[in-house]
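# An overview of the molecular structure
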Number of protein chains: 2
Amino acid sequence: MVNEKFYALGTNRLYIRELAEYGMARAAQIGRENVFDFSIGNPSVPAPAAVNEAIVDIVSMLPAAAVHSYTPAGGGADARRAVAADLNERFDCGARPENLFFTCGAAPAVATALAALGVAEGECVIVAPFFPEYTVYAEAAGMKSVIVPPVTSDFQLHASAVEAWLTPRTQAVLINSPNNPSGVVYSAERIRALGELLERKGKEYGHPIYLVADEPYRELVYDGLSVPFVPLLVRNSIVCYSYSKSLSLPGERLGYLYIPDAMEDSEAVYAAVAGAARAAGHVCAPSLMQHMIARCASVRPDLEVYDRNRRLLYEALCSYGYECVPPQGAFYLLIRSPRGSAREFSDRAKARDVLIVPCDDFGCPGYLRLGTCVSTDTVKRALPIFRELIEEK
Amino acid sequence: MVNEKFYALGTNRLYIRELAEYGMARAAQIGRENVFDFSIGNPSVPAPAAVNEAIVDIVSMLPAAAVHSYTPAGGGADARRAVAADLNERFDCGARPENLFFTCGAAPAVATALAALGVAEGECVIVAPFFPEYTVYAEAAGMKSVIVPPVTSDFQLHASAVEAWLTPRTQAVLINSPNNPSGVVYSAERIRALGELLERKGKEYGHPIYLVADEPYRELVYDGLSVPFVPLLVRNSIVCYSYSKSLSLPGERLGYLYIPDAMEDSEAVYAAVAGAARAAGHVCAPSLMQHMIARCASVRPDLEVYDRNRRLLYEALCSYGYECVPPQGAFYLLIRSPRGSAREFSDRAKARDVLIVPCDDFGCPGYLRLGTCVSTDTVKRALPIFRELIEEK
């Protein structure tokens, strides 16, 4: 007599988690250096020194009560001010501290945004490829997940592809850029076109369609590219952010929602976000990490290793004959299965102790994801195996 | 077009929060020392030095990647082992690390437990007085909240009082001991009697009734009293715990669920907990705090100030003629309104800059809660005002 839906969620795990656990078990058997684990999405670069220095300084110098106290549910004043100031400096977006709601990472930020927007019979349009948990969050919000298949010619955001899936029941469109698993960064032009579509269809349907932009990989871009700031391009947009990847703090659970003033019903959306978070037992984001970000809001990641691995893998795999999506951001490289289904190719690689993720769960069958957040040595030693895998009968 | 239920939750706040904000605003006007704020439930004693030392040591000495990485959703191996060992040492309860599921505090632990047990038409029986958010969590779990009124003669747990509210739809009974707001510690005898009732009614209804024990105040007891460990007395019980009060870390969001092997469908309940947490966007509890608790699982709070304040307030208020519930644990003293409704008396006290919480939201109308987690100086200087409040016409 337990909740069946949650029981199923707790037992039917994603294949990616199985693969990661297999990798750990296999490493224990044959040695970590002999397992080429590209399955993970864990930052391999340590947190910037400034982050750890700030943590030590805060714990050593501030009164314990000040460090570890409850903050307001949406975040402490200092953390919100610092992040709003950083956003304004970078994007001149008119962010106020009151537009931010800190959460325990981007995952609850997305879950909370969808819960806040979830109305009876509502639909959440999810643009593939996508992080597999999105469908879990949409369902938990009482919404139907509507998947827009990926445009595999360029893996960009195509408003025309999204349009076909909008209905009067559409409450939200959920995008993720820089994209996991494709590594593609959606362009300003494409995001603006989507915004125009949503504005037009919103008018037609008589209610706003909100764009939820999940941006944990915002700071991870290469070749001098910049990630457009969605609220400057799309009026009704909510940004979900996390410091998991940008500051290599995935375990610390610090993220936020940014709910701009300009959006329709901004105050109501913010209130619904606060209410949805409250109902899930959110009290505040971890306070020590809030104090840290009040000092480190403008610290940026060191991308050197990810960039080097990205180039190495992309160039080598292309030269072997793999069809690769040019990676612009995040720390992933998406390849097309050269033979059989993605799962079949993943299994063949696994037999050679190379772990790569079939992307069926990401709404992207036939493709596999390689994490570039590994050591460069791992990349180099795995390259001959990738060559053999595509050459063997 | 936002979710109405969550919008309401985000806008209709608890009176206790309003009172706390009034206190802060008033302190800014007339000086903090002139506001006698007994409304709060924030530890006034700082986190033990061992906790801050462990944090600094972990951040300074361990590789950043190890400190800040994702842990498994239920918690890192070291943290779970340490807490299971501490539970076994204290209660000889056969805890295994696999029985623990770490959460971002007790609030999501309770919310997750109820979500996991929430079935269609299910009911959650909540024993008053209770933490007001319980009804929010029960509703979010799709369950009807059924309130057992308090037994004001002793504020103890009375199985006979609970029995009247059980139905075949009862999925869970939720208790809180040491109790917020009464300060009463439920006795082993009373808990065992409730367990026997639930066992008997569960057999009658053909499904288990789970006892959910919310225990953030477990370590805060006085006069040498000990808090019975519920799973030793009640087979089908889930413990929800938090380090917010015991280690004065309310902002850091570290807590856990303990789901004993002995309970019926233990594995299914654990899986449903994992699934419910996942659906809410839980990824893991903050990793640095997990590393800390791996070292500090047996650190206990310094209760001296709370104990001193408790004695001072209880003895003085009784001598003035207040009807006080003898406080055994937590950091609260419950008094009966000497005149008019609790809200009316709270308003009269507020006019004298003494902030005390009317307990209507706690299922306990006619009573008010005083936090003893304040400075002893605040207590001493407030006593004459309490005397005047009960003596004035």
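Up top you'll find the structure we're talking about.
So, here is what we can say about the structure in this document. (Residues numbered from 1 in each chain as written. Chains lettered and ligands numbered in written order. Predicted model: local features only at pLDDT ≥ 70, side-chain atom pairs only at ≥ 80, totals over all residues. Heavy atoms only, no water.)

## Things to note about the overall build of chain A
Definition in use: Numbering of helices and strands runs from the N terminus; a helix is a DSSP stretch of H or I covering at least four residues, while a strand is a stretch of E covering at least two. Between the two quantities, the radius of gyration covers C-alpha atoms and the globule rule is 2.2 Å times the number of residues to the power 0.38. Buried residues are those whose accessible area, probed at 1.4 Å on protein chains only, stays under 20% of the maximum for their type, while exposed residues exceed 50% and partly exposed ones sit between those limits. Whether two residues are in contact is decided by their heavy atoms, any of which lying within 4.5 Å being enough. Surface accessibility in these figures is a Shrake-Rupley result with a 1.4 Å probe; residues are shielded only by whichever protein chains are displayed. Charge assignment in this entry is limited to Lys and Arg as positive and Asp and Glu as negative, and neither His nor the chain termini are counted. Lys charges are placed at NZ, Arg charges at CZ, Asp charges at CG and Glu charges at CD.
Each helix and strand counted, chain A has 15 helices and 12 strands in total. What you see for chain A is a C-alpha radius of gyration of 21 Å, in line with the 21 Å of a compact globule of 393 residues. Across its three principal directions, the C-alpha atoms of chain A cover 60 × 55 × 55 Å. Buried residues in chain A amount to 62% of all 393 residues. Taking all contacts inside chain A whose residues are at least 6 apart in sequence as the whole, residues at least 24 apart take part in 75%. In the form shown here, chain A has an accessible surface area of approximately 14200 Å², with 51% of it arising from carbon and sulfur atoms. Taking the 37 positively charged and 45 negatively charged side chains of chain A as two groups, their mean positions are separated by 3 Å.

## Looking at the sheet that holds strand β11 (residues 357–358) of chain A
All names here are of chain A. As a reminder of what qualifies: When DSSP locates at least two bridges between a pair of strands, those strands are taken to pair. The axes used here are C-alpha line fits, helices contributing only the stretch in contact, and every angle between their N-to-C directions lies in the interval 0 to 180 degrees.
With respect to topology, 3 strands assemble into an open sheet ordered β9-β12-β11, the strand pairing being antiparallel. Taken across any chain shown, the strands that pair with only one partner, and hence form the sheet edges, are β9 (332–336) and β11. Sheet strands in contact with helix α13 (residues 304–320) are β9 and β12 (367–371), and its direction is about 10° off that of β9.

## Let's talk about the packing of helix α6 (residues 106–117) of chain A against helix α7 (residues 133–140) of chain A
What describes two packed helices is the angle between their axes and the distance between those same axes. Residues and elements named next belong to chain A. The condition is simple: Each crossing gets its handedness from the near helix: less than a right angle anticlockwise from the far helix is left-handed, clockwise is right-handed.
Put simply, α6 and α7 touch, their axes get as near as 8 Å, and they point 40° apart. Handedness of the α6/α7 crossing: right-handed. In contact with A107, V110, A111 and L114 of α6, α7 contributes Y134, Y137 and A138.

## Observations concerning the relation of the copies chain A and chain B
Two copies of one chain are present, and they are related through a rotation about an axis combined with an axial shift. Note the cut-off: Superposition of the copies was done by least squares, using only C-alpha atoms of residues whose pLDDT is at least 70 in both.
Superposition of chain A onto chain B requires a rotation of 180° combined with a translation of 0.0 Å along the rotation axis, giving an RMSD of 0.0 Å. Considering both components of the superposition, the chain copies are consistent with a two-fold axis. Minimal C-alpha separation from the rotation axis in chain A is found for V56 of chain A, amounting to 2.7 Å. Interface overlap between copies: 100% of the residues of chain A at the interface are likewise at the interface in chain B, consistent with a symmetric, same-surface contact.

## Section: the pairing of β9 of chain A
Residue and element names in this part refer to chain A. Of all the 5 residues making up β9, 4 are buried; the element is thus mostly covered by neighbouring parts of the structure. Direction of pairing for β9 relative to β12: antiparallel, over a ladder of 5 bridges. From the neighbouring strand, L334 faces β12, where its bridge partner is R369.

## A short note on helix α11 (residues 266–279) of chain A
Residue and element names in this part refer to chain A. Rules: Given a helix with a known number of residues, its expected span is that number minus one, times 1.5 Å.
The terminal C-alpha atoms of α11 lie 20 Å apart, and with 14 residues this matches the ideal 20 Å at 1.5 Å per residue to within 8%. α11 sits mainly inside the fold: 11 of its 14 residues count as buried. Within α11, the full set of buried residues consists of S266, V269, Y270, A271, A272, V273, G275, A276, A277, R278 and A279. Following α11 by one or two positions, G281 has its phi on the positive side, about 90°.

## Some details on the packing of aromatic side chains
What counts here: Ring geometry is summarised as follows: Phe, Tyr and Trp rings, the Trp one being its six-membered ring, pair when their centres sit within 6.5 Å, and such pairs are stacked at plane angles under 30 degrees, edge-to-face over 60 and tilted between the two. Counting as a charge over the ring demands two things of the Lys NZ or Arg CZ atom: a distance within 6 Å of the ring centre and an angle within 35 degrees of the ring normal.
Summed over all chains, the structure comprises 34 aromatic pairs over all chains. Seen from their ring centres, Y217 of chain B and F331 of chain B are 5.4 Å apart, and the 80° between their planes marks the pair as edge-to-face. With Y217 of chain B in the loop between β6 (210–214) and β7 (237–242) and F331 of chain B in the loop between α12 (304–320) and β9 (332–336), this residue pair connects regions lying 114 residues apart in the sequence. Like F331 of chain B, Y217 of chain B is buried. Joined through ring pairs, the aromatic side chains of F38, Y322, F345 and F386 of chain A make up one cluster. The aromatic ring of F6 of chain B is capped on one face by K5 of chain B, whose charged end is 5.2 Å from the ring centroid. A cation over a ring is seen here: R343 of chain B above Y15 of chain B, with NZ or CZ 3.8 Å from the ring centre.

## Quick look at the pattern of salt bridges
We count it as follows: What counts as a salt bridge is simple: a side-chain nitrogen of Lys or Arg found within 4 Å of a carboxyl oxygen of Asp or Glu.
As enumerated under the stated definition, the model contains 58 salt bridges over all chains in all. For E133 of chain A, the salt bridge goes to R278 of chain B, with nearest N and O atoms at 2.8 Å. Pair noted here: E133 of chain A is in helix α7 and R278 of chain B is in helix α10 (residues 266–279), and the two residues belong to different chains. Each member of the pair, E133 of chain A as well as R278 of chain B, is classed as buried. Here R308 of chain B and E304 of chain B are joined by a salt bridge, their closest N and O atoms 3.1 Å apart. Here R308 of chain B and its partner E304 of chain B are both found in helix α12, 4 residues apart, which amounts to about one turn of the helix. The partly exposed category is assigned to R308 of chain B, whose relative accessible area is 35%.

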